[in-house]
Structures are given as structure tokens and as C-alpha cells.
Amino acid sequence: MPIRVALLGTQSMGRAHSHAFRTVASFFKLEAPPEMAVLCGTDPERTKAAAARFGWREWSTDWKEVVARKDIDLVDVATPGDTHAEISLAALAARKHVICEKPLANNAADAKKMWEAAKKAGTVNLCAFNYRRVPAIAHARAMIERGTSAGSTISARSTSRIGSSIPTFRSCGGCERSGRARAPTAISTPTSPISRAI
């Protein structure tokens, strides 16, 4: 039986999640493939066009109505970050499975409310840390958990696909003082306790 999905958000992450739902069965054997039931956005014309373009059966501009629908099993929250807690809490109260894009919440208090609601709902819930299952990241994490050293981390940099940059973090372990040049090692991006819990 398919999982009937409502995706909230039509911009960058909404497009990425639409593509993922449309193609996931090409990569993985699924017991319950996603059914792209409804796309929800704020602008009627843009939402209708996005639903047609990405293969959603229906579209809506009323997220509260969508979250309350009995024919929706999973709510994917890909809206601006300041809306994640409110939408996720409503979906959890309606006993929906929830995928919430990053950031999970704007503060720890809201994240804790979400975690508690997820436990109470008894549904499957997660924060979309999409790289946590990449083999290189999983290997680096396993090495860290085993206590195996991969060497010193020299630097790490991450840039989003839409152009905003996250600052570079440096930890050299003496490289800058000694002037030695060393190749960077893999760094792990462990999942947060909240992500593991929901």
C-alpha cells in the first residue's frame, strides 16, 4: 500500500523533495512507495504550476486543511524554517508521519515540543539530514564511534546549492603553526539527538 504524501513548500527544497518522491522507487525497493497526493504552497498560481510540473495529484494553499486530511499519511515540511515547529506540531497532533527539513526548529524549546509530540504520536518522524546515509559519511561516523583516527581535520567548507555560504571552520592540530601542508580528512556530520529521536 502506498504512503500518501503531502508536501508543504514549493521552493528550492520543495522541488528537491518532489524529485526525490518521484524517483525514489527507481533506486530502492520500497514496501510502501510514496503517492504524491498534494503539494501545498502560498501562491495559488505558482503552486498549481509546480504541482503539474512535478507530478502532484492535487495542490492547495491551505496547509492546515491539508494536514488534517484523513487521506494523507505523511507530511513533508519543506517551508521556511520559522514555520517548521507550528506545522510539524499540527501534523503530529493529527498522527501523521513527518519529515521536517532543516532547521528542525528555531530554538531548543520548540524542538523539545516537537520531540515530545513525536513520541506521543507514535508515528515515524525525522529531520531531513539527507547526507547521513551517504557511504562516506557513514564510514567516517563508524570510524569515530570505533575510536579509529582518520587524522587531523584541517578544514571543512559547505556551500548550499542556492549560493548562500556557511562559514569555513578550521581545526588544524598544529598545521598552521608548523607550516606543514596536509590533505584534509573526511569529517563526520553526526545526526543530532533530536533527529535520532524523531
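The structure this text deals with has already been given above.
Residues numbered from 1 in each chain as written. Predicted model: local features only at pLDDT ≥ 70, side-chain atom pairs only at ≥ 80, totals over all residues. Heavy atoms only, no water.

(A) Region of interest: the pairing of strand β4 (residues 74-77). Side chains L74 and D76 of β4 all project onto a buried face; the interleaved residues V75 and V77 project onto the opposite face, where all are buried too. Where strand β1 (residues 3-8) meets β4, four bridges bridge the pair, whose relative direction is parallel. Bridge pairing in β4 links A6 to V75. Note that the unit made of β4, helix α4 (residues 84-93) and strand β5 (residues 97-100) has a crossover that is right-handed. (Buried < 20%, exposed > 50% of the residue type's maximum accessible area, 1.4 Å probe, protein only. Helix = DSSP H or I, 4+ residues; strand = E, 2+ residues; numbered from the N terminus. Pairing = 2+ DSSP bridges. Right-handed = clockwise from strand over helix to strand, strands pointing away.)

(B) Spatial organisation of the packing of aromatic side chains. As enumerated under the stated definition, the model contains one aromatic pair in all. With a centroid separation of 6.2 Å and an interplanar angle of 80°, the aromatic rings of F21 and W56 are classed as edge-to-face. With a gap of 35 residues between them, F21 in helix α1 (residues 12-27) and W56 in the loop between α2 (44-54) and β3 (58-60) connect regions that are remote in the sequence. Of the residues examined, F21 reaches a relative accessible area of 15% and is grouped as buried. (Phe/Tyr/Trp six-rings, centres within 6.5 Å; stacked < 30°, edge-to-face > 60°.)

(C) Geometry of the sheet that holds β1. Here six strands make up an open sheet; going across it, the order is β3-β2-β1-β4-β5-β6 and the pairing parallel. Where the open sheet ends on each side, the last strands, each with one partner, are β3 and β6 (125-127). When the angles between neighbouring strand axes are averaged without regard to direction, this sheet yields 20°. The strands touched by α1 within the sheet are β1, β2 (34-40), β4 and β5, with β2 carrying the most contacts at an inclination of about 160°. Across the face of the sheet, α2 comes into contact with β2 and β3 while running at roughly 160° to β3. (Axes fitted to C-alpha atoms, helices over the stretch in contact; angles between N-to-C directions. Contact = heavy atoms within 4.5 Å.)

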